[in-house]
Structures are given as structure tokens and as C-alpha cells.
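Observations on chain architecture
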Amino acid sequence: MESIPLHNACDPAFARQVEQESGQSLAACYQCGNCTAGCPAGFVYDMQANQIIRGVQLGLKERVLSSQSLWYCLSCSTCSQRCPNNIAVAEVMESLRHMARREGHISAAPINAFWLSFLATVRRFGRSYELGVMALYKLRSGRLFGDLDIAYPALSRGKLGFLPHVVEGHGEVGRIFERYKARCDKEGVKP
Ligand code: SF4
Ligand code: SF4
């Protein structure tokens, strides 16, 4: 496990901002490590979940926002369930991902490309359209010929539909995205 470099420049407003955006009280964290112990993605993290929380407490904004862990997080909420202080760590990770995107700290660009591609199909059809996600992801990431070996088996077993399934009321879903963008524009932040 990597140690946190305490000599990095600290931003005292960072912890307050993360608490505000995530709705969590991070001062309650006493570093028991329960969140990290149950995290299924921890083996690929450069900062473990408890280290992320500690980094926020210490105001290590640059270090935390540039962590690849934010992008490898599966949003499974195991960490939140295991916290004895009821800190929703998964919510904190989500808020940090948004902050990292806004501030240009996307340290795992392919994952961000996948995330944006997934959301684009949800916005358009009201739910995920796997083939569309794949096509958009390849365009965004430039990985045009990656994973082709798994595409044929998935198609031949009917796991990937050629046409999108458009849900009833999908326009309502699209309007949620529009309201979110309008709010970001109003607050002067990147969506
Ligand atoms: S939500 Fe993210 S940080 Fe929490 S346990 Fe799941 S993968 Fe780990
Ligand atoms: S489980 Fe909760 S109290 Fe323990 S280290 Fe994680 S966030 Fe902190």
C-alpha cells in the first residue's frame, strides 16, 4: 500500500467542498480500514479507500483528484455498508470523480470514455444500448480494434442486440440530463 506524501501542498477548503458535494461528514472517519478491507477493486487502486478519505481530510486535493482509484471504483457501495461511522464512502468516490472531471484530472481516460459513452445511450434511449456504447467508446478512446475477439461470441449468443431498446418515457430521462447540464451552466462548472 502506497504511503501518502504529507509534504504535498494542502488545500484546507478541499475537505469542506467534498463534504458539501457528497453530503458526508468525513471528520468522523477514524481510519479503521473496514472500507478498504471489503473493497473488491482495491487490488488495482493506487490509493485505497481509507487513504482517499484521509487524503481529503488532509486537504491533499491534487493527490486525491489525480488518483486512478476514482476511476477503477465499481460503485458497489461495499465500503459504505462496512463503515462503522455510516460514511457513504461510495458517495465520496462519486463526488470526487465529478470534481476530477471538472478540474481536468482524468487519470484513466479509457474508463472516462466508457462512462460517457454509457451515459450518452441512457440519455438517448432511456437505458443502456450495448452496441451503441461499444461504438461510441471506440470512437472516443481510439481503441478501434480492441476487444474484437469477444464481440463475435457476444453477438452470436444474442448478448448484444443490434437495435436499441427504447424505454417508454425515455424523453423524461433525457430531460434529467438537460436539467443537470442547465444547473452546471448556471453554476459555471463543467457537466
Ligand atoms: S464503491 Fe468503490 S471504493 Fe467502495 S468498495 Fe466498491 S469499488 Fe471499493
Ligand atoms: S470504514 Fe469508515 S471509519 Fe473506517 S476508514 Fe473507512 S471511512 Fe473511515
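These figures come from a predicted structure and were not determined experimentally.

**Some thoughts on the overall build of the chain**
The helix and strand inventory of the chain stands at 11 helices and zero strands. The N-to-C order of helical and strand elements in the chain reads α-α-α-α-α-α-α-α-α-α-α. Projecting the C-alpha coordinates of the chain onto the three principal axes gives extents of approximately 50 × 40 × 30 Å. Burial analysis of the chain (191 residues in total) assigns 25% to the buried set.

**Here we look at the nonpolar core**
Core analysis: the largest hydrophobic core is formed by 28 residues, its most contacted members being A49, I53, V56, C79, V89, M93 and L96. Mapped onto this core, the elements with two or more residues apiece are α1 (12-22), α3 (49-57), α4 (61-65), α5 (69-72) and α7 (89-102). The element that contributes the greatest number of residues to this core is α7, accounting for seven residues. In this structure, L96 is in contact with V18, V64, L65 and L70, ignoring residues within four places of it in sequence.

**As for the site of ligand 2**
The immediate surroundings of ligand 2 are formed by 15 residues, with C29, C32, N34, C35 and C83 found nearest. When contributions to the shell around ligand 2 are tallied by element, the ones reaching two or more residues are α2 (34-37) and α3. Within the shell around ligand 2, the residues separate by chemical class into nine nonpolar, five polar and one charged.

**Let's talk about the site of ligand 1**
Taken together, 15 residues form the shell around ligand 1, and within it C39, C73, C76, C79 and A90 come nearest. Mapped onto the shell around ligand 1, the elements with two or more residues apiece are α6 (78-82) and α7. Here the element with the most residues in the shell around ligand 1 is α7; it accounts for three residues.

**Structural notes on the domain arrangement of the chain**
Each assigned domain of the chain is listed with its residue range as follows: domain 1 (12-102) and domain 2 (109-187). Domain 1 and domain 2 are separated by 26 Å when their C-alpha centres are compared.

**Concerning unusual backbone geometry**
Residues other than glycine predominantly adopt negative phi, and peptide bonds predominantly adopt the trans conformation. The phi dihedral of Q31 is positive, around 60°, even though this residue is not glycine. Tracing the backbone shows Q31 in the loop between α1 and α2. With 12 C-beta atoms counted inside 10 Å, the residue Q31 sits in the exposed group. In this model, S77 sits at a positive phi of 70°, which is unusual for a non-glycine residue. As for its position among the elements, S77 is in the loop between α5 and α6.

What counts, and at which threshold
Residues numbered from 1 in each chain as written. Chains lettered and ligands numbered in written order. Predicted model: local features only at pLDDT ≥ 70, side-chain atom pairs only at ≥ 80, totals over all residues. Helix = DSSP H or I, 4+ residues; strand = E, 2+ residues; numbered from the N terminus. Buried ≥ 20, exposed ≤ 12 C-beta atoms within 10 Å, placed from the backbone. Core = buried A, V, L, I, M, F, W, Y, C linked by C-beta atoms within 7 Å. Contact = placed C-beta atoms within 7 Å. Near = placed C-beta within 6 Å. Nonpolar A, V, L, I, M, F, W, Y, C, P; charged D, E, K, R; others polar. Domains from an automatic or database assignment.

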